[in-house]
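# Close look at the chain arrangement
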Amino acid sequence: MSALVTFHDLADSSVFITGGGSGIGASLTEGFIQQGAKVAFVQRSDASEFVGKMQAKYQVTPLFIKCDITDIQALQAAIAQAAQAHGPITTLINNAANDARHTLDDYTCEQWDQGMAVNLRPHFFSAQSVAAGMRQAGHGAIINFSSNSYIMGNAGYPAYVAAKAAITGLSRALARELGVDNIRVNTLLPGWVLTKKQLDLWANPRDLAATLDRQCIKEHLAAQDIVDSTLFLASKASRMITAQAITVDGGVVVTG
């Protein structure tokens, strides 16, 4: 179990996570398994090794469905498969993203469309796909992952930043539309979480030091910091929290 939190209402609940086999997503999958949830996740790359590790560690096998989330029909089919296996999905976590660096000058229309197809479009259509099941269950929580990068106005990936800003607007609109059905929709904005990908591709001593300098809490973010916050938003412990953008970044930016 998490060293910090246990949410009893998540036991036996049906959870669907995009990008749930690596990085923060893998930690989310494990975190919900620890709570006793039935977890299904999609990922473009093969996550069989990760699934085996979860089975060996917890004697629970998450449902892995190989899927490219830019293929909306495949994503919708995966959601339907997960609901058939685990019951109506009551927690949807739109975690998958691609923060590839790019500049204004050399970015093409095709690259823009591909970026939105990964970083924004799935959030809408996955929510569309789970809404009926959440209504059937009488409740639901949709947690859309954004990033503090758009509040900071970071350079180096403007299309990604634009998508992350749009996610907050989408979440607020969906919260208003779905709230009458007791479905909550929130945005979670992580700061710079030092996953293996981040360490391998972009972390360097100068930028790491600059990040800590901006943070109120002088400690780098780990995936578990995001997991515990996500569990809270999925649980009925946060039953009156919806339409919010909650930042988990050690105090780099503020919302409200």
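Our subject is the structure listed above.
Attention in this report is confined to the structure presented alongside it. (Residues numbered from 1 in each chain as written. Predicted model: local features only at pLDDT ≥ 70, side-chain atom pairs only at ≥ 80, totals over all residues. Heavy atoms only, no water.)

The next point concerns the side chain of N144. Along the chain, N144 turns up in strand β5 (residues 140-145). A polar atom in the side chain of N144 sits 2.8 Å from the side chain of N94. A polar contact is formed between the side chain of N144 and the side chain of S171, at a distance of 2.9 Å. Beyond its immediate chain neighbours, meaning those up to four positions away, N144 contacts N94, H123, I167, S171, V185, N186, T187 and L188. (Helix = DSSP H or I, 4+ residues; strand = E, 2+ residues; numbered from the N terminus. Polar contact = N/O pair within 3.5 Å; in protein donor to acceptor, adjacent residues only side chain to side chain. Contact = heavy atoms within 4.5 Å.)

Although it is not a glycine, D12 adopts a positive phi angle of roughly 70°. Along the chain, the position of D12 falls in the segment before β1 (14-18). Even without being glycine, A243 reaches a positive phi, approximately 65°. Note on placement: A243 falls in the loop between α10 (223-234) and β7 (245-248). We classify A243 as partly exposed; its relative accessible area is 26%. (Buried < 20%, exposed > 50% of the residue type's maximum accessible area, 1.4 Å probe, protein only.)

All right, on to the pairing of β1 then. The side chains of a regular strand alternate, residue by residue, between the two faces of the sheet. Most of β1 is tucked away, with 5 of its 5 residues classed as buried. Where burial is concerned, the two faces of β1 agree: the one with S14, F16 and T18 and the one with V15 and I17 are both buried. As paired elements, β1 and strand β2 (residues 38-43) share 5 bridges and run parallel to each other. Considered in β2, the bridge of S14 is made with K38. Each parallel crossover has a hand, and the one from β1 via helix α1 (residues 23-34) to β2 is right-handed. Where β1 and strand β4 (residues 91-94) come together, 3 bridges link them in parallel fashion. Residue pairing for β4: F16 is matched across the bridge by L92. (Pairing = 2+ DSSP bridges. Right-handed = clockwise from strand over helix to strand, strands pointing away.)

Counted by the stated rule, this structure contains 5 aromatic pairs. With a centroid separation of 6.5 Å and 45° between ring planes, the pair formed by F7 and F232 is classed as tilted. Residue F7 is found in the segment before β1, and its partner F232 is found in helix α10; the two are separated by 225 residues along the sequence. For the ring pair Y157 and Y160, a centre distance of 4.9 Å and an interplane angle of 35° mean the geometry is tilted. Members of the aromatic cluster, each reached through a chain of ring pairs, are F41, F50 and F64. (Phe/Tyr/Trp six-rings, centres within 6.5 Å; stacked < 30°, edge-to-face > 60°.)

What follows is about the pairing of β2. Within β2, 5 of the 6 residues are buried, which leaves the element mostly enclosed by the surrounding structure. Relative to strand β3 (residues 63-66), β2 runs parallel, the two sharing 4 bridges. For Q43, the partnering residue across the bridge sits in β3 and is K66. Where the polypeptide runs from β2 across helix α2 (residues 48-58) and back to β3, its parallel neighbour, the crossover connection is right-handed.

Let us look at the pattern of salt bridges. Evaluation of the coordinates by the stated rule reveals 5 salt bridges. Two residues, R101 and D99, come together in a salt bridge whose shortest N-O distance is 3.2 Å. Overall, D99 belongs to the buried group, its relative accessible area being 11%. (Salt bridge = Lys/Arg side-chain N within 4 Å of Asp/Glu carboxyl O.)

Attention shifts here to the packing of α1 against α2. The relative placement of two packed helices comes down to the angle between their axes together with the axis-to-axis distance. The contact between α1 and α2 brings their axes to 12 Å, and the two run at 25°. Judged by the angle between their axes, α1 and α2 are roughly parallel. Crossing handedness for the pair α1 and α2: right-handed. Where α1 abuts α2, its residues A26, T29, E30, I33 and Q34 lie against F50, M54, K57 and Y58. Among the residues forming the contact of α1 with α2, the class breakdown is 5 nonpolar, 2 polar and 2 charged. (Axes fitted to C-alpha atoms, helices over the stretch in contact; angles between N-to-C directions. Parallel < 35°, antiparallel > 145°, perpendicular 65-115°, else oblique. Left-handed = near helix turned anticlockwise from the far one by under 90°. Nonpolar A, V, L, I, M, F, W, Y, C, P; charged D, E, K, R; others polar.)

In short, geometric facts, not functional conclusions.
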